[in-house]
Each structure stands twice: as structure tokens, then as C-alpha cells.
Amino acid sequence: MMVPIHKAVSKGMKNTEHLWSQQMVTIIETGCIENTDRAACRTLNMLLHREGKAQALKLRTMTDLCDRHGKEVEEYQQAYAEEVLKRKGFDPETGVHQEGAALPEGLPPDLDGSGNAIDGRIEELVQIINDRREGREKIPEESSKPYEVEAPDEAVVEVSLDEVLSKRQKEHRKKEDKSQETQRPEKRRTKKRPTVNTSVGHILVNGKRYILTAQDMRSLCIKALAFLLNAGFLSNRQLIIFSDGAAEIKTCADEVFGFCRHQVILDWFHLKKRCYELLSMILRSGKANRDMRRNVMAGLMRILWVGNVTGAIEYLKELPCGCIKSEEKRQELISYLHRKEPVIACYAIRRGLGLRISSNAVEKANDLTVAKRQKHRGMSWSYHGSWRFAALTALYLNQEADTWHKAASLSFKMIPVSTTKSAASAPVAA
């Protein structure tokens, strides 16, 4: 029996595609999010007792459904961001505020630390830390990094930004030439596999979070700006942005959020990881050099823990030539510290105040939105397929799937975080 339906209900559907109930759509989408498409299709057909090609639910039907809904979510978020930015007087393409824009209250900021209510507490911590340390491992007296922190009870917006890569599909596959099967196999290619880049953002305010995804970092920053402006989270608040140190993140964040009180901080874990990677190539290896390598690595990290980048660079330059294996890598590490000095914080003070030093929130969001589903062995994705699936996954992580399926709209409401750590799991330096 043919049942007439409104054309809006079947928008984007193919001629041979079924119209599913909300519960069925949810089962299909969550099945594809939690498992591979083939496994989800096979399981669903078993539950529905559908056998044979004529009755079985097709794999392509499920993938088309997820792809279409992910595209619709992306388009809705983009339209929402453009509408908010235009209403607030911002350029929707660049995120830059225009003349006469409705800027949040409490701007422009004063980031020099003057008048900070916790200056006394910071001075006390500096004294305690320096009493237990010597030389470059002390917090320099002329350094302003210890005072460039937010008060523990201050209204703060914590935004963690990151990019995650998954393998990209070839646009056109070459046909196999069977005549070449008996020939000697070619040497393994050294060329890197092409990838799809997905940007993920984690917004945390007052113990509640929201996850955003985008195709690139600038688009993600613009979406985050629209979200924060519409919610009023930039008024009389300080914006703290955590990253893994990628130059693009700081560039985009400074350009989009340059009008408001913000600070970009390099995650302690990624700083430590990068230093260890380069030091392992700088220092001589072998059993005889094991203690030397351990002492040099520990010494460098104790200097960086207090934010003394100048002292860390001097420490690297003074290393004896007898323990250096690669002078080129030593210069690379020195150049890295020079570039990252503006985003290297005084982690000792932040840890002492119970403030965050980690971007682990967005790392977990990366795992849930992209890595868990898209980075399995043998998988590859198209540009739009990867981005749309990440948007669909974020829809469920934000608990907005019911609202979307019922009203084709998003509420952009933040949800409580069950456990929110105030600092990273990095060990406290003595």
C-alpha cells in the first residue's frame, strides 16, 4: 500500500531507500558508530531475521543513511555559526570582528597579571619551589609566566583543540594487471600514505562540556567562537586554550579569539614527549651511556617544568660533545623550544594552584569521535565521509540525537562531565 508523505520527510533520500522510524535510525547509526559497517549490517539482519538478498538490509543503505545525516548535521552547524556571527557583527568566513560588533563585556583584557587576587599565593608558591631547587631549575625572578594564570575560582572557559588523521581513500582505483603477477614485486614505497585531517574541539565550562568537529582548524575555531558568543561564555571570563603545540592551532586561535582575554598553553605531555623523542636522537646510546641519558632528560624537564625556556636552551648548548650523537638534532630541539616559548607555561605554578596543564579532554574526544571508528587497520576514508561521520558521532556524544531526529535542530546544550580532573596525570617534579 502506498502512503503519501510530505516531501520534507524524504529530503535527500534515494528513490529505492526506505523510510525508517526514529528507533530504527538510531539503531543503525549507533551500530555503525560502535562497530564496522559490515558488522553492524550483519548483526542487524540477524536480529530482524532477514535472510537472502531480497529481504536483507543492504550495507549501502546503512552507509548512505549515516553519510546523509552527518552531512545535514554539518550544514546545520555551519548555518548556525554564520547566523550567530552575523548577528554579533563578526565575519562568518574569517571570524574577525567588524566595526560596531557586539563584543562581550570586560574587554579588552589586561594580561600582565597586575591586580591579580592570587598574587600573594603565587609568590608563596614561587618561594617554596625555589627553596627546593638550584640554578636553572628555579623560577627566574624576572619571569612573568608564574603570574599569567587564572585564579582557581575565576570564571574560565577551557577549550582544548586538536587534529586527528585517518587514512584517505584513493579517488580512483587502478585496475589490476594480472600479467604482472609473475614479475618481481616492486620495492616498498617510502611515500607517506595520504590522510584525512579532522579537527576536534572540547569546550568545558563549569563542569559541563560540548564537543565540536570541523574540516580544518580555522573552521573549528569559528564554530567554537559562535558557540561561546551565543551562550555568553566570553563575557567577563578568561579563555584558556590547550593544544599539542601545533603552530596552526595557535595561529587560528590568536586570529579568531584575539579580541578577548585568552591564553594558549602547550600541553605538558606533548612538550615532554617531543623533548624525549629528540633527546633520544641527540644523545649517545648504549649501556655505558644509560645513566647519562637519564640524567640529561630529567634535568631538561626539571628546567622546563618551571617554564624556564632560556635556561633549557642554555642547558642544551652546554652539553659536552662527548655525549652528543647528532648535532643537527640538538639544533632542532633548540629551535623547537624557541618557537614554543610563548605557549610554554610555568607548569609548577599551575600544578600548585590545581589548574589544568593537559589537553587530555580533547585527546579523549579524538578517540571517541574519530580514532575509535576510523583508524582501524585496513580502513580508509574519503574527505567528506570522514568529516560527516565524525559530526554524526559527536551528535551522539553530545546527547542531541533525539532532538535532531525529532525536530531536525540542535539545542547546543552542554552536558555534565562525570569526572573532571583539574590537572594532567604528569608526575609532579620535586
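Predicted model only: the values in this text are computed from it and were never measured.

Across all of its chains, the model carries one cavity of 30 Å³ or more by this definition. The calculated volume of the largest cavity comes to roughly 40 Å³. Taken together, Q77, Y80, A81, L212, K223, F227 and F412 form the lining of the largest cavity. Elements represented by at least two residues in the lining of the largest cavity include exactly α4 (59-88) and α6 (217-231). Its residues assigned to classes, the lining of the largest cavity comprises five nonpolar, one polar and one charged.

The subject of this paragraph is the state of the cysteines. On inspection of all chains with the given rule, the structure shows zero disulfides. C221 forms no disulfide, and the closest cysteine sulfur to it belongs to C252, at a distance of 5.3 Å. Among the residues examined, C221 registers a relative accessible area of 1% and is labelled buried.

Here we come to the environment of T251. With respect to the helices, strands and loops of the structure, T251 is situated in helix α7 (residues 247-256). A relative accessible area of 42% means that T251 is categorised as partly exposed. Residues T251 and M217, 34 residues apart in the sequence, show an inter-C-alpha distance of 9.6 Å.

Our next topic: the layout of surface pockets. Computed from the structure, the second largest pocket encloses a volume of approximately 680 Å³. Lining the second largest pocket are 20 residues, with D37, R60, T63, Q169 and W381 sitting closest to its centre. Broken down by element, the lining of the second largest pocket gets its largest block of residues, six residues, from α4.

Moving on to α4. With 30 residues, α4 extends 44 Å between its outermost C-alpha atoms, agreeing within 8% with the 44 Å of an ideal straight helix rising 1.5 Å per residue. G89 sits one or two residues past α4 and shows a positive phi near 90°.

Here we come to the confidence of the model for the protein. The share of residues in the protein with pLDDT of 70 or more is 84%, and the mean pLDDT across the chain is 84. Predicted confidence is poor over residues 107-115, with pLDDT under 50, and the contacts of this stretch with residues over four places away or in other chains come to eleven contacts. Low pLDDT, under 50, characterises residues 419-430; the predicted model gives this stretch 23 contacts beyond four residues in sequence or across chains.

Between helix α8 (residues 268-282) and helix α11 (residues 327-340), whose axes approach to 8 Å, the crossing angle comes to 160°. The orientation of α8 relative to α11 falls into the category roughly antiparallel. Considering how the two elements wind past one another, α8 and α11 form a crossing that is left-handed. Across the interface between the two elements, H270, L271, R274, C275, L278, L279, M281 and I282 of α8 pack against K329, R330, E332, L333, Y336 and L337 of α11. Considered class by class, the residues forming the contact of α8 with α11 number nine nonpolar, one polar and four charged.

So, about the packing of helix α13 (residues 360-374) against helix α14 (residues 383-397). Where α13 meets α14, the closest approach of the two axes is 9 Å, and the angle between their N-to-C directions is 125°. As the angle between them shows, α13 and α14 are arranged oblique. The interaxial crossing formed by α13 with α14 has right-handed handedness. Contact residues: α13 offers L368, T369, V370, R373 and Q374, while α14 offers S386, F389, A390, T393, A394 and L397. In the contact of α13 with α14, the residues fall into six nonpolar, four polar and one charged.

Turning to helix α9 (residues 290-305), a few remarks are in order. Taking 1.5 Å as the rise per residue, α9 with 16 residues should run 22 Å; its terminal C-alpha atoms sit 23 Å apart, in good agreement. Residues of α9 that are buried include every one of R293, V296, M297, G299, L300, M301, I303, L304 and W305, and no others. Buried residues along α9 sit in contact with α8, α10 (309-317), α11 and α12 (347-352). One or two steps after α9, the chain reaches G307, where phi turns positive at roughly 80°.

This part covers the packing of aromatic side chains. Tallied over the full model, the rule gives twelve aromatic pairs. Ring geometry for Y210 versus F412: centroids 6.0 Å apart, planes at 40°, classification tilted. Highlighted residues: Y210 in strand β3 (residues 208-214) and F412 in the loop between α15 (401-407) and β6 (415-416), separated in sequence by 202 residues. Taken individually, Y210 and F412 each receive the classification buried, so the pair is uniform in this respect. Joined through ring pairs, the aromatic side chains of Y76, Y80, Y210, F227, W404 and F412 make up one cluster. Positioned above the aromatic ring of F242 is the side chain of R356, whose terminal nitrogen or guanidinium carbon lies 4.3 Å from the ring centre.

Once that is clear, we can look at the sheet that holds β6. Strand order across the open sheet formed by six strands is β5-β4-β1-β2-β3-β6, with mixed pairing between neighbours. Edge positions in the sheet fall to β5 (262-266) and β6, since each has one partner strand and no second. In this structure, strand β4 (residues 238-243) lies alongside β5, joined through five bridges in parallel fashion. When the sheet's bridge partners are listed, F242 is paired in β5 with I265. Those strands touched by α6 are β1 (156-167), β2 (195-205), β3 and β4, and its axis lies near 145° from that of β3.

Definitions and limits used
Residues numbered from 1 in each chain as written. Predicted model: local features only at pLDDT ≥ 70, side-chain atom pairs only at ≥ 80, totals over all residues. Heavy atoms only, no water. 1 Å grid on protein atoms, 1.4 Å probe; cavity = no way out; pocket = protein on both sides within 12 Å on 5 of 7 lines; lining within 4 Å. Points joined across faces, edges and corners; volume = space filled by probe spheres on them. Helix = DSSP H or I, 4+ residues; strand = E, 2+ residues; numbered from the N terminus. Nonpolar A, V, L, I, M, F, W, Y, C, P; charged D, E, K, R; others polar. Disulfide = S-S within 2.5 Å. Buried < 20%, exposed > 50% of the residue type's maximum accessible area, 1.4 Å probe, protein only. Expected span 1.5 Å × (residues − 1). pLDDT = per-residue confidence, 0-100. Contact = heavy atoms within 4.5 Å. Axes fitted to C-alpha atoms, helices over the stretch in contact; angles between N-to-C directions. Parallel < 35°, antiparallel > 145°, perpendicular 65-115°, else oblique. Left-handed = near helix turned anticlockwise from the far one by under 90°. Phe/Tyr/Trp six-rings, centres within 6.5 Å; stacked < 30°, edge-to-face > 60°. Lys NZ or Arg CZ within 6 Å of the ring centre and 35° of its normal. Pairing = 2+ DSSP bridges.

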